[in-house]
Amino acid sequence: MPVVDQRSAPRTPRRHPAPRPAAGRGPSPRGRVHGLWPYALIAPAVGGMLYLLVYPLVRAVLISFQDFRLRQLIAGDAEFVGLRNYRTLLSDPRFWEVVRRTFLFMAINVALIMVIATLVALMVERLGRIGRTVVLSSLVLAWAMPVVAATTVFQWLFHSEFGIVNWSLISLGFESFDRYPWFADGTAAFAILVTLIVWQSVPFAAITLYSALTTVPLELYESARLDGAGAGRVFRSVTFPILRPIFLLVISLEVIWTFKAFVQIWVMTRGGPGDATTILPVYAVQTALSGQRYDLGSAASMVTVVLMSGVLVLYFRQMLRQEDETR
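Residues numbered from 1 in each chain as written. Predicted model: local features only at pLDDT ≥ 70, side-chain atom pairs only at ≥ 80, totals over all residues. Heavy atoms only, no water.

Caption draft 1: Region of the structure containing the packing of aromatic side chains. Within this structure, the stated rule accounts for 19 aromatic pairs. Seen from their ring centres, Tyr-51 and Tyr-55 are 6.1 Å apart, and the 0 degrees between their planes marks the pair as stacked. Residue Tyr-51 and its partner Tyr-55 are both found in helix H1 (residues 29-64); the two are separated by 4 residues, about one turn of the helix. The exposure class assigned to Tyr-51 is exposed, which follows from its relative accessible area of 57%. Taking 5.4 Å as the distance between ring centres and 65 degrees as the angle between the ring planes, the aromatic pair formed by Phe-177 and Tyr-180 counts as edge-to-face. For Tyr-180, a relative accessible area of 24% puts it in the partly exposed group. (Phe/Tyr/Trp six-rings, centres within 6.5 Å; stacked < 30°, edge-to-face > 60°. Helix = DSSP H or I, 4+ residues; strand = E, 2+ residues; numbered from the N terminus. Buried < 20%, exposed > 50% of the residue type's maximum accessible area, 1.4 Å probe, protein only.)

Here it is in structure tokens:
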């Protein structure tokens, strides 16, 4: 029988059993502290968000179901009235006219913003380094201008007596624009506000779209041009299909931006002349301040939130459906 040399035989390492936790003993206090530390770091941000966003929304919802006027604001004894404020609001013909104007205002602004921003992004992509730097810097400066400051500048541009717009038109021979009151004409005031919103919104959209354009592979453009495709066909067949999610995201952000454009309208026209520039946020503030009907103003604000959420839900459903079809 052969004798096996035990010195040359491989030795199996001995496995020591893992230490078992003592019965009835949980994690150490030090481990619990380390586990709670991430939550402690984000707690201030979460608390601030709840106080600044969630609490006002919940408070507005409660007020919309109450009889809440100046007396209740001081005494604090508001009475719940159910859906009475919403019935009063929805039975007001002026409210539905404001809703129609709000959607018209939103559609015009979003369409102009996306068309101009796309053209600017395509132009920046074709510029050299110096030209690209100048255009992008100008867009950033325009984007960084405070909303109230930009609105005040537009007010002075279209001032009836000292505005440069009237002076330029008169210099070109249009004498009928001498002391022309732009903000007394509803259509003119609406057009000025659209111009202001578009001017303020194009920089963000253009920079975002340009950043997305830089991610499109150049080989796709070269292949399309070799096949004889022009600039329009290249955009429709190559650029837009690849960047469709970015386009949809920018459109959704611009819908939110234009839907809640309150500061520009309130500073420039306060919704006038008449109701020519009154959209839902302005209508809510007018209702709350004109007769101290804070309940109706809160109801109008809640309807605004619901309408804007409905538009975005329908839009995102369409976006997801298109993504499923392309897979």
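Caption draft 2: View of the pattern of salt bridges. In total, this model carries 9 salt bridges according to the counting rule given. The residue Asp-67 makes a salt bridge to Arg-84 at a minimum N-O spacing of 3.8 Å. Placement of Asp-67 in strand S1 (residues 66-67) and of Arg-84 in helix H3 (residues 84-90) is noted, with a sequence separation of 17 residues between them. For Asp-67, a relative accessible area of 17% corresponds to the buried category. Glu-161 serves as the salt-bridge partner of Arg-179, at 3.4 Å between the closest nitrogen and oxygen. (Salt bridge = Lys/Arg side-chain N within 4 Å of Asp/Glu carboxyl O.)

Caption draft 3: Fine view of helix H5 (residues 129-144). With 16 residues, H5 should cover 22 Å at 1.5 Å per step; its first-to-last C-alpha distance of 22 Å lies within 8% of that length. By the burial criterion, the buried members of H5 are Val-135, Leu-139 and Ala-142. For H5, the angular spread of buried residues about the axis comes to 65 degrees, placing them on one side. Opposite its buried face, H5 presents the exposed residues Arg-129, Ile-130, Val-134, Leu-141 and Ala-144, each directed more than 90 degrees away. Here the buried face of H5 lies against helix H4 (93-126) and helix H8 (186-213). (Expected span 1.5 Å × (residues − 1). Arc of directions from axis to C-beta. Contact = heavy atoms within 4.5 Å.)

Caption draft 4: Local environment of the side chain of Arg-293. Looking at the secondary structure, you find Arg-293 in the loop between helix H12 (280-290) and helix H13 (294-326). Reaching out from Arg-293, the side chain makes a polar contact with the side chain of Asp-295 at a distance of 3.1 Å. Beyond its immediate sequence surroundings of up to four residues, Arg-293 is in contact with Phe-68, Arg-69, Asn-85, Thr-287 and Ala-288. (Polar contact = N/O pair within 3.5 Å; in protein donor to acceptor, adjacent residues only side chain to side chain.)

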